[in-house]
Amino acid sequence: MTAKIGSKHVAQHRGKKEREEIHKMNVAREALKLAAARAKYRNQQKGQRPQAAA
């Protein structure tokens with residue numbers, strides 16, 4: 001759980017611009033994870049396990 005300032009959550013003290021930047025970073029991070037996962041299984045047949053590295 002994240003920290004609190006008084007009785008308010010830290011996120012409530014962030015400005016609109018900062019929240020938008022955090023959102024954009026999260027979207028970009030997820031896109032990188034998705035691209036890595038797609039690259040990992042790009043040439044695999046559906047329903048088959050990945051081949052062991054030679």
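Bear in mind that the values here come from a model prediction, so they are computed numbers and not experimental data.

Engineer: Before we go on, may I ask you to explain the overall build of the protein in this structure?
Structural biologist: Counting secondary structure elements, the protein contains 1 helix and 2 strands. Counting every position in the protein, which comprises 54 residues, the buried fraction comes to 0%. Counting only carbon and sulfur atoms, one obtains 54% of the accessible surface of the protein, whose full area is about 5600 Å².

Engineer: Is there a simple way to think about the pattern of salt bridges in this case?
Structural biologist: As a working rule, side chains carrying opposite charge can pair if their charged atoms are close by. Applying the stated criterion to the full structure yields 2 salt bridges. In this structure, Arg14 engages Glu18 in a salt bridge whose closest nitrogen and oxygen atoms are separated by 3.7 Å.

Engineer: I'm lost on the confidence of the model for the protein in this one. Help?
Structural biologist: As a note on interpretation, predicted positions should not be read in detail where pLDDT is low. The pLDDT averaged across the protein works out to 82; a share of 85% of its residues lies at or above 70. Across the protein, the element-wise mean pLDDT spans from 68 in strand β1 (residues 4–5) up to 93 in helix α1 (residues 16–40).

Reading guide: rules and limits
Residues numbered from 1 in each chain as written. Predicted model: local features only at pLDDT ≥ 70, side-chain atom pairs only at ≥ 80, totals over all residues. Heavy atoms only, no water. Helix = DSSP H or I, 4+ residues; strand = E, 2+ residues; numbered from the N terminus. Buried < 20%, exposed > 50% of the residue type's maximum accessible area, 1.4 Å probe, protein only. Areas by Shrake-Rupley, 256 points an atom, 1.4 Å probe, with all protein chains shown as cover. Salt bridge = Lys/Arg side-chain N within 4 Å of Asp/Glu carboxyl O. pLDDT = per-residue confidence, 0-100.

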